[in-house]
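Each chain is listed here by its residues.
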Amino acid sequence: MSLKRALAALPDDRDSIRATREVVSYLDRHRGELVDAARISGAVGLADTRVEPVLGALQEGYVIECDGDARHDRCSYLPDAVLNLEVRHFLQASSDVDAGLKRRVDRFRGTFGR
């Protein structure tokens, strides 16, 4: 089980990281529940096309367990202690990056206007 391995399989752009953070955060709140891409998409407000690649990467990284293909079947998330630490670190780091970006944009707008 490795979140790092799953993240390496995904694009390294801001939208992909945000989608991954939303999906992982949802799975973390619903540990042990069987969920599918449609349920996650509806709950986090992302299109299925953004959620499915994340679920596929998480399945290949052994972060989640699925009945079959993560893009079409139901999956569950039951982390061990190490994976839980990895997820906590990822969620905190990605939130910090977004908060820093927002602060810089707010500072720029305050200095130069909109």
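Here, residues in each chain are numbered from 1, in the same order as that chain's written sequence. For this predicted model, a pLDDT threshold of at least 70 governs which residues receive local features, and a threshold of 80 or more governs which side-chain atom pairs are given and counted, while totals over whole chains, interfaces and linings are taken from all residues. To get the side-chain values, take all heavy atoms of the structure and skip hydrogens and water.

**Let's talk about unusual backbone geometry**
Next, step 1: In the Ramachandran plot, Tyr 62 falls in the positive-phi region, its phi being about 60 degrees despite a non-glycine side chain.
Next, step 2: A run of DSSP states H or I qualifies as a helix once it reaches four residues; a run of E qualifies as a strand once it reaches two. Both are numbered from the N-terminal end. In this structure, Tyr 62 sits in the loop between helix H4 (48-60) and strand E1 (65-66).

**Quick notes on the environment of Phe 90**
Next, step 1: Within the fold, Phe 90 resides in helix H5 (residues 81-112).
Next, step 2: Between buried and exposed lies partly exposed: a residue is buried under 20% and exposed over 50% of the maximum accessible area for its type, with that area taken using a 1.4 Å probe on protein chains only. Exposure remark for Phe 90: the relative accessible area of 10% places this residue in the buried category.
Next, step 3: Every residue in contact with Phe 90, bar those within four places of it in the chain, is listed here: Leu 3, Leu 7, Ile 17, Thr 20 and Arg 21. In this description, contact between two residues means that some pair of their heavy atoms is separated by no more than 4.5 Å.

**So, the confidence of the model for the chain**
Next, step 1: Per-chain confidence: the chain averages 89 in pLDDT, with 96% of residues scoring 70 or above.
Next, step 2: Predictor confidence is given residue by residue as pLDDT, running from a minimum of 0 to a maximum of 100. Per-element confidence in the chain is highest for helix H3 (residues 37-44), whose mean pLDDT is 94, and lowest for H5, whose mean pLDDT is 88.

**A short note on the nonpolar core**
Next, step 1: Residue types Ala, Val, Leu, Ile, Met, Phe, Trp, Tyr and Cys, when buried and joined through side-chain atoms within 4.5 Å, form a set referred to as a nonpolar core. Grouped together as the largest cluster of nonpolar side chains are 26 residues, with contacts concentrated most on Val 23, Leu 27, Ile 40, Leu 55, Leu 58, Val 63 and Ile 64.
Next, step 2: Residue assignment for this core shows that the elements contributing at least two residues are helix H1 (3-8), helix H2 (14-29), H3, H4 and H5.
Next, step 3: Sequence-distant contacts of Leu 58, defined by excluding residues within four places in its chain, comprise Leu 3, Ala 6, Val 23, Val 24, Leu 27, Val 63 and Ile 64.

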